[in-house]
Structure formats: C-alpha cells, structure tokens
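Each chain, letter by letter, is given below.
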Amino acid sequence: MVAELVPRTLELAQQHQLRVTRVTVRNQRSRWGSCSARGTISLNWRLIQTPLFVRDYIILHELMHLREMNHSARYWRCVEEVCPDYRTAEAWLKANHGLLR
Ligand SMILES: [Zn+2]
C-alpha cells in the first residue's frame, strides 16, 4: 500500500539513527527514489509493485545517502551493512525496469 511507504521509511530511519526531514511519495517516471541534502526522501509510488525486500532496499538506499551523498565505495559499504542482499534487489530492479514506465 502507498500509505505504508512513509511509516516504513520513518521506521527504517529510526532503526539506523538517521534523521529524515520529510518523506514524499511521488509519481516519478525515471527513478525509484531520491534524497536531498536537506533530508527529504522522495519515493516512487510504484514501489508498492515491488517485493518487500526491494522496497526496503530502495528506502535504505535513499536513507544511506543521508550518510554519503554519492555512490562511492564508502557509500556502498554503508548500504551493504544495512542491506546485505542489496545486490539481489539491484538485480531484480534491473530485470523489472519496465515497471518504471
Ligand atoms: Zn543512490
């Protein structure tokens, strides 16, 4: 459910002691989510069409950008720490990229 995306994001943020300013759910054509330097997380409503582990991965991916605002090796180590099977989620997203259209 779309309504679950925001509370789930806040729950995961709290679990990892990250402060989120705002969570918005939007209709995005080209990406699953984004994170601003001000702490706003935007999520694509289409996440409700993905398996739960993929949804959580996207949320964690954006949350980890609050630690590292880039895709450096250090960033991916943060991701792996909180989401050890993130590669499986990435593979799922690649195989299902048609969902974004
Ligand atoms: Zn990213």
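Notes on the structure follow. Note that the coordinates shown come from a computational prediction; the quantities given were computed from them, not determined experimentally. (Residues numbered from 1 in each chain as written. Predicted model: local features only at pLDDT ≥ 70, side-chain atom pairs only at ≥ 80, totals over all residues.)

The next point concerns the sheet that holds strand E3 (residues 40-44). As summarised here, the arrangement of the three strands in space is E1-E3-E2, forming an open sheet in which the pairing is mixed. At either margin of the open sheet sits one strand with a lone partner, and together these are strand E1 (22-26) and strand E2 (33-35). The sheet shows a mean angle of 15 degrees between the axes of neighbouring strands, direction not considered. With five bridges joining them, E1 and E3 adopt parallel strand pairing. Within E3, the position partnered with Val-25 by the bridge is Leu-43. This element, helix H1 (residues 2-15), spans E1 and E3 of the sheet and lies at about 155 degrees to E1. Contacts from helix H2 (residues 52-64) reach E2 and E3 within the one sheet, and its direction differs from that of E2 by about 20 degrees. (Pairing = 2+ DSSP bridges. Helix = DSSP H or I, 4+ residues; strand = E, 2+ residues; numbered from the N terminus. Axes fitted to C-alpha atoms, helices over the stretch in contact; angles between N-to-C directions. Contact = placed C-beta atoms within 7 Å.)

Further remarks concern the packing of H1 against H2. In the contact formed by H1 and H2, the axes pass within 10 Å of each other and the chain directions differ by 55 degrees. Between H1 and H2, the angle falls in the class oblique. Where H1 crosses over H2, the handedness of that crossing is right-handed. Across the interface between the two elements, Arg-8, Thr-9, Leu-12 and Ala-13 of H1 pack against Asp-56, Ile-59, Leu-60 and Leu-63 of H2. Looking at the contact of H1 with H2, its residues break down into five nonpolar, one polar and two charged. (Parallel < 35°, antiparallel > 145°, perpendicular 65-115°, else oblique. Left-handed = near helix turned anticlockwise from the far one by under 90°. Nonpolar A, V, L, I, M, F, W, Y, C, P; charged D, E, K, R; others polar.)

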